[in-house]
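# Reading the structure
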Amino acid sequence: MSRAATELAALADGTGGEVRLGAFISAAASIVPLALARLRAAHPAVHITLRELEQRETHALLFRGEIDLAITFDYEHAPGRVPAGLVQEHLMDDPIMVVLPVGHPLAGAGSVTPADLPSDAWINTAVDVRDLAASPVHGDRESGHRLDFDGMDFRTALNLVAAGLGVALLPRLLLLDAPPSVVALPMRQPTFVRRLHTCRLDTRGVSASIRRLEMYLREAVAEL
């Protein structure tokens, strides 16, 4: 009973127990490491599990109790619905950039619009230029020069741009360690923003270690 009381006290004050974090790939590679390092330094007895997830898995895993906290995203122009029973808090805005090979004629421009680039120049990713109402390439999936990338890891699309195979819309978070063979430009008319959130079960019994991890994630974002 004494040992059990000690373990329960450790869970309550965040010095023990387990934290299971789920995050999509670009968040797991950029924001998460610093936050987890701070949690480990402050509370070395807490067991940490990081699970890379696809966005569509996240809510179900939270409800099933397989993860304790998740980093999710939606887009400013298309807000996601948060199911009842979950609580979501805004973490950061992540602007979508136009990424071009460094030798592209527009690489020195201050910003670009989708209309500045021909329809067959785009590499189709999960962030598709055709999602924009003002897109000049809506429905142009039959172009013989267009390259469609069907995958979840934007780093592959980034390397396709670096190889000169086209241009792409990619989140700025991914570009923190972009190769020197690409240039990322802000997009105008319209802008396109991905919004990152923390998400967990809406319950009164949130452990201190989860609260601290949420704090460390906010600190990591502020230092980007």
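Residues numbered from 1 in each chain as written. Predicted model: local features only at pLDDT ≥ 70, side-chain atom pairs only at ≥ 80, totals over all residues. Heavy atoms only, no water.

### Section: the layout of surface pockets
Spelled out, the test is: Cavities and pockets are found on a 1 Å grid laid over the protein atoms alone: a cavity is a set of points where a 1.4 Å probe fits but cannot escape, a pocket is an open set with protein on both sides within 12 Å along at least five of seven lines, and a lining residue has an atom within 4 Å of such a point. Grid points are joined across faces, edges and corners, and a volume is the space filled by probe spheres set on the points. Helix and strand assignments follow DSSP, with helices taken as H or I runs no shorter than four residues and strands as E runs no shorter than two, numbered in order from the N terminus.
One number sums up the size of the largest pocket: a volume of about 390 Å³. Around the largest pocket, the lining is made up of 21 residues, and of these F24, I25, S26, M152 and F154 lie nearest the centre. Looking at the lining of the largest pocket, the elements with two or more residues in it are α2 (25-30), β3 (69-75) and α5 (154-162). In terms of residues, the lining of the largest pocket owes the most to one element, α2, which gives four residues.

### Some points on the side chain of T125
Keep this limit in mind: In this scheme, a residue with accessible area under 20% of its type's maximum is buried, one over 50% is exposed, and one in between is partly exposed, where area comes from a 1.4 Å probe on protein chains only. Should any heavy atoms of two residues lie within 4.5 Å, those residues are considered in contact.
Looking at the secondary structure, you find T125 in the loop between β5 (123-124) and β6 (147-148). Take T125: its relative accessible area is 5%, and that puts it in the buried class. Residues contacting T125, with those up to four places away along its chain left out, are F149, F154, A157, A168 and L169.

### Some remarks on the pattern of salt bridges
The following threshold applies: The working definition used for a salt bridge is a side-chain nitrogen of Lys or Arg within 4 Å of a carboxyl oxygen of Asp or Glu.
Inspection of every chain in the model, using the stated rule, returns 11 salt bridges. One salt-bridge network, in which partners are shared between bridges, spans R38, E219 and E223.

### Brief notes about helix α3 (residues 32-42)
Here is the rule we go by: The arc under discussion is defined with respect to the helix axis, by the directions toward the C-beta atoms.
Among all positions in α3, only V32, A35, L36 and L39 are buried. Buried positions in α3, seen along its axis, are confined to an arc of 95 degrees and lie on one side of it. The elements touched by buried residues of α3 are β1 (18-23), α2, β2 (47-52), β3 and α6 (208-222).

### Digging into the environment of A84
With respect to the helices and strands, A84 occurs in the loop between β3 and β4 (86-101). Taking the C-alpha atoms as reference points, A84 and L201, separated by 117 residues in sequence, lie 9.3 Å from one another.

### Notes on the nonpolar core
Selection criterion: Among buried residues, those of type Ala, Val, Leu, Ile, Met, Phe, Trp, Tyr and Cys that are joined through side-chain atoms within 4.5 Å constitute a nonpolar core.
Counting 57 residues, the largest nonpolar core has I31, I71, L196, L213 and L217 as the members making the most contacts within it. A per-element tally of this core places β4 first, with seven residues. Aside from chain neighbours lying at most four places away, what touches I31 is L91, M92, L173, L196, L217, A220, V221 and L224.

### Looking at the confidence of the model for the chain
Counted only if it meets this: Per-residue confidence from the predictor is reported as pLDDT, a score between 0 and 100.
When pLDDT is averaged along the chain, the result is 85; 84% of the residues meet or exceed 70. Contacts from residues 2-7, a stretch scored under 50 in pLDDT, to residues over four places away or in other chains number zero contacts. A low-confidence stretch, residues 133-144 (pLDDT under 50), is modelled with 20 contacts involving residues beyond four sequence positions or located in other chains.

### Quick notes on the packing of α3 against α6
The test is simple: Orientation is described by axes fitted as lines to C-alpha atoms, over the contacting stretch for helices, and by angles from 0 to 180 degrees between their N-to-C directions. Any angle from 65 to 115 degrees is called roughly perpendicular, while one under 35 is roughly parallel, one over 145 is roughly antiparallel, and all others are oblique. Each crossing gets its handedness from the near helix: less than a right angle anticlockwise from the far helix is left-handed, clockwise is right-handed. Amino acids are sorted into nonpolar (Ala, Val, Leu, Ile, Met, Phe, Trp, Tyr, Cys and Pro), charged (Asp, Glu, Lys and Arg) and polar (every other residue, Gly among them).
For the pair α3 and α6, the least separation of the axes is 8 Å and the interaxial angle reads 135 degrees. Regarding the angle of α3 to α6, the classification is oblique. At the point where α3 passes α6, the crossing takes the right-handed sense. Between α3 and α6, the contacting residues are V32, L34, A35, L36, R38, L39 and A42 on the first element and S209, R212, L213, Y216, L217, E219 and A220 on the second. A breakdown of the residues in the contact of α3 with α6 according to their chemical character gives 10 nonpolar, one polar and three charged.

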